[in-house]
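These are the residues of each chain, in order.
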Amino acid sequence: MSTTLKFTALLLALGLCRGLRHNYIDNYIDNYIDEVTEEEAELVAQPSKYGSLWPLPQKVQLSEVSFKLTSSSFRIVDAKDSTAGPSCSLLQDAYRRYYEYMFGIAKRQQLNKGRRTGPSELTELQVWITSPDSECDSYPSLTSDESYELSVNLPYAVLKAPKVWGALHGLETFSQLVYEDEYGAKSINSTTISDFPRFAHRGILLDSSRHFLPIKVILANLETMAMNKINVFHWHIVDDQSFPYLSRTFPQLSQQGAYHPYTHVYTPADVKMVIEFARLRGIRVIPEFDTPGHTQSWGKGQPDLLTPCYSGAKPSGAFGPVNPILNTTYDFMSQFFKEISAVFPDAYVHLGGDEVDFTCWKSNPDIQKFMDQQGFGQDYSKLESFYIQKLLDIVTATQKGYTIWQEVFDNGVKLKPDTLIHVWKGNQQQYQNEMAKVTSSGYRTLLSTPWYLNRISYGQDWQGHYKADPQDFEGTEAQKKLVIGGEACLWGEYVDATNLTPRLWPRASAVAERLWSAKDVTDINDAFNRLSVHRCRMVDRGIPAEPLFSSYCPHEYKGI
Amino acid sequence: MEVMFMVRSGRYTRLNVYLLILSILQVGLHTVEGVWPLPQAFTSSTERYPLSPQAFYFGYGRQSAAQQGCSVLDAAFRRYFSLIFPDYTDGRLHFNQDKPFTVEVSIDHDDCEGYPNEDSSERYNLGVSAGQASLKAETVWGALRGLETFSQLVYQNDFGSYFINKTEIEDFPRFQFRGILLDTSRHYLPVQAILKTLDAMAYSKFNVFHWHIVDDPSFPYQSSSFPDLSSKGAFHPMTHIYTQSDVRRVISHARLWGIRVLPEFDSPGHTKSWGKGQPGLLTPCYKGGTPSGTFGPVNPALRSTYQFMARLFKEVSSVFPDSYIHLGGDEVDFTCWKSNPDVRAFMQKMGFGSDFTKLEAFYMENIVNITSALNKTSIVWQDVFDYHERRSSLSVVEVWREGCYLCEVRRVAKAGLRVILASPWYLDLPGPTHNWARYYTVWPLAFKGTEEQKKLVIGGEVCMWGEYVDATNLSPRLWPRASAAAERLWSDEKQTSNVDKAFPRLQDFRCKLLRRGIRAEPLYVGHCKHEYQGV
């Protein structure tokens, strides 16, 4: 144990040392140079005993015995007793996808019929869905069974999973076990894996309002999420800056509120494509329609929805949050969320509710009158609660559950017991207190505070993301169980398609392992070794995942 | 505006200032203000002329010293035609009634087959009037800068028609040396990524590619004299190297864009990868009385070291045509030298006592002499200047350390040496892009000194070190932040000191970069008409 710790400390020191080439950290030379001998200064990823598995499965047994795989003979097939057969296109698509990941697309199949397979050649992976309902044609959900068991041995490898969701993860794991030997032949070692996620909700938030994200970049990142066993795409689809969601009920919202009404919108077909692409990878799509704040762009296509701000006795021409005192507001929200609940199949919708600025409400005489009538006095958080409660009732009527940002809880709004509270504020101490508070009130919670990946700094900040643990707070076991997971957030002020992918990966991979693997998987040294190879694998699959440190990949990124 | 760059609170940045900014952008930048970096002197009007790709021509003026067949300009005409008319895909010429528009280029000196150098004039005059533009320059390199400016003046209306406004421009760079450093040792950059960066450099009128080609982690340069250097020192001997033809390709691509290629072979430190293919080059470190098996900087006590360096630099000098060469000389760690008894004995023999900076100075002096004999002007990092007693042997010093970098610039200029400033432009340190203003509000000549001393500041350089950068993230990390530095180095300081004025122009320029396929990241919220379509 102490050896490991010492080694880790050394690695961190090296990170600084090696990063200082012309980088203003002169003091570190003097501090560290004596401790760090020349050889150790070569911060190069060493092979991990777990190969390149990422995130690390719950139980792994690897052996030295290896088998060969050849593109001409290897097949992924349905097991005889599997409840999902050739009609399950989700699996058939996945077989093809993983075959291509493992053997490449371009290579021509040379079916050499006369060739006999060698004695140590693995020719088949059988995928066996064991429960009566494979869920092949369903959508993944918060309660989906994602577990799987993988056994790699002769005469064939077997991947057993109760549902297709576990099978998808198992295929990814299988593909991560395949490596090239020194002659370039594909090999895999005899292995037994039993795996399941530590947390059920493992998400990534992308923001398509501050910058429009072309569909292509969203799909590429869904693909990458699957490689990291992330299962929720939190789509922060609209906000102050633009409203790219094309609503069938209220087409004016994007017509007026998008950056451009044709080139910078998501049509119903686009949204459908994203949802299906995600489903095929076991990923849930949770849309966020944040109100009553963060709604400037809504006002352009929906007159009277926002509160007119006053300057003195006259409207200033500016608008504030959604106007909570008009019946028309709630009529609009009812219709709008009725559409949303039909378009997005997931059982949850994110309602936002954060950062409501009261200045405009305070300036408006009609709102003041309403406050008096309701007996709210000068407490505008009561008005916010009033709005949110009505909204929650509206959404409840659509049979959806909801997630809200922590302020709604902090402000004491009455919530349904199954509400998900999304924690995003504060420093470590503060968010841990918040997690304790939320769970002691009996609510389930999601953590994002330590995983704001839009914040960047010099060096290996993934290590900080890796170390944060959502269950590290003062509380009972029962409270800890109310933590259902977390999300990495990539807000869009400074991010668009040009830099999104390298900024997200492999930094989000660190979060992915924290949310999937066992709590005691904390060896940062081993993580570095596995993550280095994992990032090269993403690059190899065409994803521009940025480097962790000076190093190389066998196949560098070929895009520009 | 300051507020907008600095304040972040709450879950996102809550600011309304951006609305103002966006409304400025809506107006469009169809005048000379739309050119980045801003030209030195110009007049423009709202009078506009339509351009049609079917009736648009480049031509040589009758008096021009360069005529058809000039490789640099012929290639530039083809290139800029596509840049000016990005939607144009039909190669056939139709009969049409569009009024023709001709850009007539006249050059004083025929330097079509040469390389740009430190004295090349990049001055040009551009006049746009009805049906024609006249571009006059002393050299083809100046003409290239003028063509870039012309291409940025052309705009499309909502219906896709092309226009250019009546304009007169007289332009020249403030500094002659405007560089970008790429580091191909910490991560290997595929040649394609380098070529694409050269394209983008030309769009911002950068003119020096400082190729930090080797360093501790790897030696990708395939030397014809010492092939073991890359076969043993590269990350991979076959796939992660620059062959001689790769290097020629980079140089010739750069030449056509008016960019010099300045190679850096940094020694005596930063040479770990050299040792793998050149046994005996590095200093063996000792622990107690025996060699520890590890190696330090280049061994300065051996004659064979200088023989090796002479041969290597002879090759490098002939491969890279530029008259400058960068010798590095930074961050030398003395620990290993101190531990080695042979090095200590050499110190005694030379009378250096225990002052290892003298040993380092001795080494660098030898290397400078080797390259001087090859008719190259050497550039060194400031460390060499700082410990050198006989500074007269030095020529150009690159200032990179943080702190009072202008103090160092002043010291170097006072010593009568030329200066390149890099300290404020370390773009590998990421930080939110809104930090671009940090790279813009740099005043390289704001030190006390004579006119002569200020003239010794020949320019500046953007550095993109490679610890955390490879082809996956190079472009968005470099652009458009490097463009902020480009304007500082090209344009008149008085006209370009205001960040608020620069912001919408740079937003507009970054959209132009996107349109040209450069993965330039956003400065703040907003959108471009044509977004980046890759992943």
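Computed from a predicted structure; not experimentally measured.

Quick look at unusual backbone geometry
Looking along the chain, the bond that leaves tryptophan 505 of chain A and enters proline 506 of chain A is cis, with omega of 5°. In this structure, proline 506 of chain A sits in the loop between helix 17 (500–504) and helix 18 (507–516). With omega at -5°, the peptide bond leading from tryptophan 36 of chain B into proline 37 of chain B counts as cis. With a phi angle near 60°, lysine 229 of chain A is a residue other than glycine that sits in the positive phi range. In this structure lysine 229 of chain A comes out as buried when scored by relative accessible area, which is 1%. The backbone of asparagine 375 of chain B sits at a positive phi, close to 65°, despite the residue not being glycine. Within the secondary structure layout, asparagine 375 of chain B lies in the loop between helix 12 (356–373) and strand 14 (377–381).

Description of the pattern of salt bridges
Here the idea is simple: oppositely charged side chains can pair when their charged atoms come close. All names here are of chain B. Here the structure, examined in full by the defined rule, presents 40 salt bridges over all chains. The partner of arginine 515 in a salt bridge is aspartate 87, with the nearest N and O atoms 2.5 Å apart. In this pair, arginine 515 sits in helix 19 (residues 499–515) while aspartate 87 sits in the loop between helix 3 (71–84) and strand 3 (101–107), placing the two residues 428 residues apart along the sequence. Taking the shortest distance from any N to any O, the salt bridge between glutamate 452 and lysine 455 comes out at 3.9 Å. Here the residue glutamate 452 and the residue lysine 455 both occupy positions in helix 16 (residues 451–455), the gap between them amounting to three residues, near one helical turn. Comparing glutamate 452 with lysine 455 shows no difference in burial state: the two are exposed.

A closer look at the interface of chain B and chain A
Each partner contributes residues to the interface: chain B has 76 residues there, and chain A has 69 residues. Taken together, both faces of the contact between chain B and chain A bury some 6,300 Å²; the carbon and sulfur share is 55%. Here chain B is connected to chain A by four salt bridges. Taking the shortest distance from any N to any O, the salt bridge between arginine 477 of chain B and glutamate 546 of chain A comes out at 3.3 Å. Broken down by secondary-structure element, the contributors of at least two residues to the side of chain B that touches chain A are helix 5 (191–203), helix 8 (272–277), strand 12 (290–298), helix 17 (474–478) and helix 19 of chain B. Classifying every residue of the side of chain B that touches chain A gives 29 nonpolar, 22 polar and 25 charged.

Considerations on the nonpolar core
Where a protein is soluble and globular, its nonpolar side chains tend to be buried together. Counting 142 residues, the largest nonpolar core has Leu73, Phe150, Phe265 and Trp479 of chain B as its most contacted members. Excluding its chain neighbours within four sequence positions, the residues that come into contact with phenylalanine 150 of chain B are Phe56, Ile84, Phe101, Val103, Leu126, Val128, Ala133 and Ile164 of chain B. Val217, Leu306, Ile340 and Ala508 of chain A belong to the second largest nonpolar core, which has 87 residues in total.

Some points on the environment of alanine 468 of chain A
Residue and element names in this part refer to chain A. Relative to the assigned elements, alanine 468 resides in the loop between helix 15 (462–467) and helix 16 (477–481). Judged by relative accessible area, which is 9%, alanine 468 ranks as buried. With residues near it in sequence (within four places) discarded, alanine 468 still touches Tyr431, Pro450, Trp451 and Arg514.

As for the pairing of strand 7 (residues 186–195) of chain A
Residue and element names in this part refer to chain A. The buried fraction of strand 7 amounts to eight of the 10 residues, a majority that puts the element mostly inside the structure. Sheet topology note: the strand 1 (residues 59–69)/strand 7 ladder contains eight bridges and is antiparallel. Paired with phenylalanine 67 across the bridge in strand 7 is isoleucine 188. Two elements, strand 4 (residues 148–152) and strand 7, share five bridges in a ladder whose sense is antiparallel. Each bridged residue has a counterpart across the sheet, and for serine 151 the counterpart in strand 7 is threonine 192. Where strand 6 (residues 179–180) lies against strand 7, two bridges are found, and the strand directions are antiparallel. By the bridge assignment for strand 7, tyrosine 179 is matched with serine 187.

Observations regarding helix 4 (residues 140–153) of chain B
For helix 4 of chain B, which comprises 14 residues, the first-to-last C-alpha distance of 20 Å matches the rise-based estimate of 20 Å (1.5 Å per residue) to within 8%. With 14 of 14 residues buried, helix 4 of chain B lies mostly within the body of the structure.

Quick notes on the confidence of the model for chain A
When pLDDT is averaged along chain A, the result is 90, and 90% of the positions lie at 70 or above. Low pLDDT, under 50, characterises residues 1–42 of chain A; the stretch is placed with 77 contacts to residues that sit more than four places away or in other chains.

Quick look at the packing of helix 3 (residues 89–103) of chain A against helix 4 (residues 164–177) of chain A
Residue and element names in this part refer to chain A. At a closest axis distance of 10 Å, the pairing of helix 3 and helix 4 adopts a crossing angle of 10°. The orientation of helix 3 relative to helix 4 falls into the category roughly parallel. Residues Leu90, Leu91, Ala94, Tyr95, Arg97, Tyr98 and Met102 of helix 3 pack against Val164, Trp165, Ala167, Leu168, Leu171, Glu172, Phe174 and Ser175 of helix 4.

Analysis parameters
Residues numbered from 1 in each chain as written. Chains lettered and ligands numbered in written order. Predicted model: local features only at pLDDT ≥ 70, side-chain atom pairs only at ≥ 80, totals over all residues. Heavy atoms only, no water. Helix = DSSP H or I, 4+ residues; strand = E, 2+ residues; numbered from the N terminus. Buried < 20%, exposed > 50% of the residue type's maximum accessible area, 1.4 Å probe, protein only. Salt bridge = Lys/Arg side-chain N within 4 Å of Asp/Glu carboxyl O. Contact = heavy atoms within 4.5 Å. Buried area = accessible area lost by both parts, 1.4 Å probe. Nonpolar A, V, L, I, M, F, W, Y, C, P; charged D, E, K, R; others polar. Core = buried A, V, L, I, M, F, W, Y, C linked by side-chain atoms within 4.5 Å. Pairing = 2+ DSSP bridges. Expected span 1.5 Å × (residues − 1). pLDDT = per-residue confidence, 0-100. Axes fitted to C-alpha atoms, helices over the stretch in contact; angles between N-to-C directions. Parallel < 35°, antiparallel > 145°, perpendicular 65-115°, else oblique.

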